[in-house]
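A structural walkthrough
Each chain, written out:
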Amino acid sequence: MNAFKFPVINPLLHSELRLKVMVALDSLDSADFMYLCQITDSTRGNLSTQITTLKDAGYIEVSKSGVLGRFSRTVCRITDKGREALRAYEEGLRNLFSQEVPKQQEEQASKTG
């Protein structure tokens, strides 16, 4: 029996919107909620949900300050844990694409086919 396994990819960062937020924050260090909404082409509700997920994982910090009209300003900042997770995710993807998948053994092929 072959012991080959694909590398594990962080499912939390595998969401397109969460990944975009993390890449943006990694580059910018911090960003305003509305700016993230704009550059990710996301709705406020969806972005808010994904930001909560990232915050709960400890990947980002969220702070609210002042009042602009009726709303407070929300700023997101990537944490060290978030940067480490993003680097590990990137490395995992590189490893995934560089894997050489072993050929299926004839014995296994005849049993499943």
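The paragraphs below set out a description of the structure included in this document. (Residues numbered from 1 in each chain as written. Predicted model: local features only at pLDDT ≥ 70, side-chain atom pairs only at ≥ 80, totals over all residues. Heavy atoms only, no water.)

**Some words on the overall build of the protein**
Helix and strand counts for the protein come out as five helices and three strands. Sequence-ordered secondary structure for the protein, helices as α and strands as β, is α-β-α-α-β-β-α-α. With 113 residues in all, the protein has 29% of them scored as buried. Pairs at least 24 residues apart make up 57% of the contacts formed inside the protein by residues separated by at least 6 positions. When the accessible surface of the protein is split by element, carbon and sulfur atoms take 51% of a total near 8,000 Å². (Helix = DSSP H or I, 4+ residues; strand = E, 2+ residues; numbered from the N terminus. Buried < 20%, exposed > 50% of the residue type's maximum accessible area, 1.4 Å probe, protein only. Contact = heavy atoms within 4.5 Å. Areas by Shrake-Rupley, 256 points an atom, 1.4 Å probe, with all protein chains shown as cover.)

**Looking at a nonpolar patch on the surface**
Among the surface-exposed residues, Leu-28, Tyr-35 and Ile-39 lie close enough to one another that they form a single nonpolar patch of about 260 Å² accessible area. Inspection of the secondary structure assignment puts Ile-39 in helix H2 (residues 33–40). (Patch = residues over 30% accessible without salt bridge, like charges linked within 9 Å, V, L, I, M, F, W, Y side chains within 5 Å. Salt bridge = Lys/Arg side-chain N within 4 Å of Asp/Glu carboxyl O.)

**Some remarks on the side chain of Thr-79**
Note on placement: Thr-79 falls in the loop between strand S3 (71–78) and helix H4 (80–98). Dropping the residues within four chain positions of it, Thr-79 is found in contact with Gly-58, Tyr-59, Ile-60 and Glu-61.

**Observations concerning the pattern of salt bridges**
Considering all chains together, one arrives at seven salt bridges under this definition. A salt bridge links Lys-20 to Glu-16, with the shortest nitrogen-to-oxygen separation between them at 3.0 Å. Within this pair, Lys-20 and its partner Glu-16 are both found in helix H1 (residues 16–28), separated by four residues, close to a single helical turn. Glu-16 sits in the exposed class, given a relative accessible area of 57%. With a closest N to O distance of 2.9 Å, Arg-87 and Asp-26 form a salt bridge. Of this pair, Arg-87 sits in helix H4 while Asp-26 sits in helix H1, and the two are 61 residues apart along the sequence. Its relative accessible area of 40% is what places Arg-87 among the partly exposed residues. Several salt bridges share partner residues, and in doing so they unite Asp-26, Asp-29, Arg-77, Arg-83 and Arg-87 into one network.

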